Amino acid sequence: MPKPTFLDIACRAGVGTATVERVLNGRGGVTPATVEKVVAAARSLDYPRRLPEAHHGVIRIEVILVRPDATFFARLSRAFERIAATLDRSIAVHRTFLDEADPAAIARRILDPDMRRAGLILAVPDHPLVGAALRKLEAENIPTVQIVTEISGTSGAYVGIDNYAAGRMAGLLLSRMQRRPGKVVAVCHSQIYRVHRDRVRGFFDYLMETATEHFEPIGALFGHDDGDRNAEQLLEALKRWPDLAGLYNAGGANSALNDVLRRNPLGRQVFFVGHELTERSAVALREGTMDVVLDQAPEAQARRAMDLVLATLNLHDLQVENPPIRFVTFTAENL
């Protein structure tokens, strides 16, 4: 086969031939991310010339997550750990956990990592500071993939389920499976995650469109995915509305809600739909305090996100399609 030309490498990397010449001849003046793209393109085309020593280092992909104590994010982190173990030694995956309540720190990390970063995957709250930082990074053509939830006003790739559809599915299952009419509430973290806003909107949209004769949508309760706050919110709802018939948790801390339903005399009459299949939610399904769990397959999201970054860096030969990840519906009958 003929030797790849600078033009071949430029087309593969999505840059100009002058940029390729500067990188391969070590002339400088090129951002680290562009250097990584050019070197990756040259490697993928089996460019025979030895690359500059400065660019033989590790290609680093950072994954920014929050709440390592939460079951879902721990599961997501383990998925990236397993994926990293399958990659070539020249590719390193760094997992960084930040405080979800400190958007300024998240924004700083997006723009100023402590490493030479070739790509970024992140699952963080939707905040103006975070959005501004991410837009700046996107303008520099750094490969970025948002996972689980989207940041408003950004244009990078998003990997996740259709959260509005998941909310509508919760509404459909409640309206079809709950024989007792009454009031319905949703619980979520707050309004800082678009994923929760979309789920709650889909849930109530479905009920208001199709089930107004039997169910009365009340509104969303904000528990911040904190067990104590979630339990307090639900206890207050049960006292205020003895005819509470439906509960949809669009966020985390299912265990606290299950504990309340297990102890309360009215708890078994409430149809409870939540997210993420864990050991505890599986027990709740078997016991009957929880009726349906919608699992968003974080392992599939992690794999897709990594494939998209690798493809952008020309380290993945196949085209990566990115339709919404399929969420899985669990009941006590299909655990």
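Worth saying up front: this structure is predicted, and the values here are computed from it rather than measured. (Residues numbered from 1 in each chain as written. Predicted model: local features only at pLDDT ≥ 70, side-chain atom pairs only at ≥ 80, totals over all residues. Heavy atoms only, no water.)

Draft legend 1. Structural view of the pattern of salt bridges. As enumerated under the stated definition, the model contains 16 salt bridges in all. The partner of Glu81 in a salt bridge is Arg95, with the nearest N and O atoms 3.9 Å apart. Pair noted here: Glu81 is in helix α4 (residues 71-86) and Arg95 is in strand β2 (residues 91-98), with a separation of 14 residues, a long-range link. Given a relative accessible area of 44%, Glu81 falls into the partly exposed group. Accessibility expressed as a relative area gives 36% for Arg95, which makes it partly exposed. Among the ionic contacts, a cluster of salt bridges with common partners joins Glu62, Arg109, Asp114 and Arg117. (Salt bridge = Lys/Arg side-chain N within 4 Å of Asp/Glu carboxyl O. Helix = DSSP H or I, 4+ residues; strand = E, 2+ residues; numbered from the N terminus. Buried < 20%, exposed > 50% of the residue type's maximum accessible area, 1.4 Å probe, protein only.)

Draft legend 2. Spatial organisation of the packing of α4 against helix α12 (residues 298-312). Viewed as axis vectors pointing N to C, α4 and α12 meet at an angle of 45 degrees, and their least axial separation amounts to 9 Å. As far as their axial angle goes, α12 and α4 are oblique. Once α4 is placed against α12, the crossing between them reads as right-handed. Between α4 and α12, the contacting residues are Phe72, Arg75, Leu76, Ala79, Phe80, Arg82, Ile83 and Thr86 on the first element and Pro298, Glu299, Ala302, Arg303 and Met306 on the second. (Axes fitted to C-alpha atoms, helices over the stretch in contact; angles between N-to-C directions. Parallel < 35°, antiparallel > 145°, perpendicular 65-115°, else oblique. Left-handed = near helix turned anticlockwise from the far one by under 90°. Contact = heavy atoms within 4.5 Å.)

Draft legend 3. A look at the sheet that holds strand β3 (residues 117-122). On the basis of which strands lie adjacent, the open sheet formed by five strands has the order β2-β1-β3-β4-β5 and parallel pairing. Each edge of the open sheet carries a strand with a single partner, namely β2 and β5 (157-159). Sheet twist, expressed as the average angle between the axes of neighbouring strands with direction ignored, equals 25 degrees. Across the face of the sheet, helix α6 (residues 128-139) comes into contact with β3 and β4 (144-147) while running at roughly 145 degrees to β4. (Pairing = 2+ DSSP bridges.)

Draft legend 4. Region of the structure containing the pairing of strand β10 (residues 292-295). Across the two faces of β10 the burial is the same, with Val292 and Leu294 and Val293 and Asp295 all buried. Sheet analysis places strand β9 (residues 271-275) next to β10, joined by three bridges and oriented parallel. From the neighbouring strand, His275 faces β10, where its bridge partner is Leu294. Taken together, the three bridges between β10 and strand β11 (residues 328-330) define a ladder with antiparallel strand orientation.

Draft legend 5. Expanded view of the packing of aromatic side chains. Under the definition given, this model contains three aromatic pairs. Aromatic side chains Phe72 and Phe73 sit 5.3 Å apart centroid to centroid with 80 degrees between the ring planes, which places their arrangement in the edge-to-face category. Here Phe72 matches Phe73 in class, with each residue buried. Feature note: the residues Phe203, Phe204 and Tyr248 constitute an aromatic cluster, connected by ring pairs. (Phe/Tyr/Trp six-rings, centres within 6.5 Å; stacked < 30°, edge-to-face > 60°.)

Draft legend 6. Expanded view of the nonpolar core. Membership of the largest hydrophobic core comes to 68 residues, with the highest contact counts inside it found for Leu76, Ile110, Ile121, Phe203 and Met306. Once residues lying within four places of it in the same chain are set aside, the contact partners of Leu76 are Leu65, Ile147, Val148, Pro298 and Ala302. Ranked by size, the runner-up nonpolar core spans 21 residues in total, among them Ala256, Leu261, Phe272 and Phe330. (Core = buried A, V, L, I, M, F, W, Y, C linked by side-chain atoms within 4.5 Å.)

Draft legend 7. The arrangement of the environment of Tyr193 in detail. If you trace the backbone, Tyr193 turns up in the loop between β6 (182-188) and α8 (194-210). Exposure remark for Tyr193: the relative accessible area of 5% places this residue in the buried category. Here the alpha-carbon distance between Tyr193 and Arg22, two residues 171 residues apart in the chain, equals 42 Å. Residue contacts for Tyr193: discarding those within four places in its chain leaves Val66, Glu100, Val124, Pro125 and Thr149.

Draft legend 8. Examining the sheet that holds β6 more closely. Pairing is mixed across the open sheet formed by six strands, whose spatial order is β7-β6-β8-β9-β10-β11. In this open sheet, the two edge strands, each paired with only one partner strand, are β7 (215-222) and β11. Taken pair by pair, the neighbouring strands of this sheet meet at an average axis angle of 15 degrees, ignoring direction. By the bridge criterion, seven bridges tie β6 to β7 in an arrangement that is parallel. Among the inter-strand pairings, Val187 is bridged to a residue of β7, identified as Leu221. Each of β6, β7, β8 (244-249), β9, β10 and β11 is contacted by helix α7 (residues 163-177), which is oriented at about 165 degrees to β10, the strand it contacts most. Helix α10 (residues 254-263) rests against β8 and β9 of the sheet, and its axis sits at about 165 degrees to β9.

Draft legend 9. Just a negative patch on the surface, in detail. There is a patch of like negative charges on the surface, built from Asp226, Asp228, Glu232 and Glu236. As for its position among the elements, Asp228 is in helix α9 (residues 227-240). On the basis of relative accessible area, Asp228 is assigned to the exposed category, the value being 65%. (Patch = residues over 30% accessible without salt bridge, like charges linked within 9 Å, V, L, I, M, F, W, Y side chains within 5 Å. Areas by Shrake-Rupley, 256 points an atom, 1.4 Å probe, with all protein chains shown as cover. Lys, Arg positive; Asp, Glu negative; His and termini not counted. Charge placed at Lys NZ, Arg CZ, Asp CG, Glu CD.)

Draft legend 10. Region of interest: unusual backbone geometry. Non-glycine residue Val148 carries a positive phi angle of around 75 degrees. Positionally, Val148 belongs in the loop between β4 and β5. On the basis of relative accessibility, which here comes to 6%, the residue Val148 falls in the buried class.

Read these as geometric descriptors, not functional statements.
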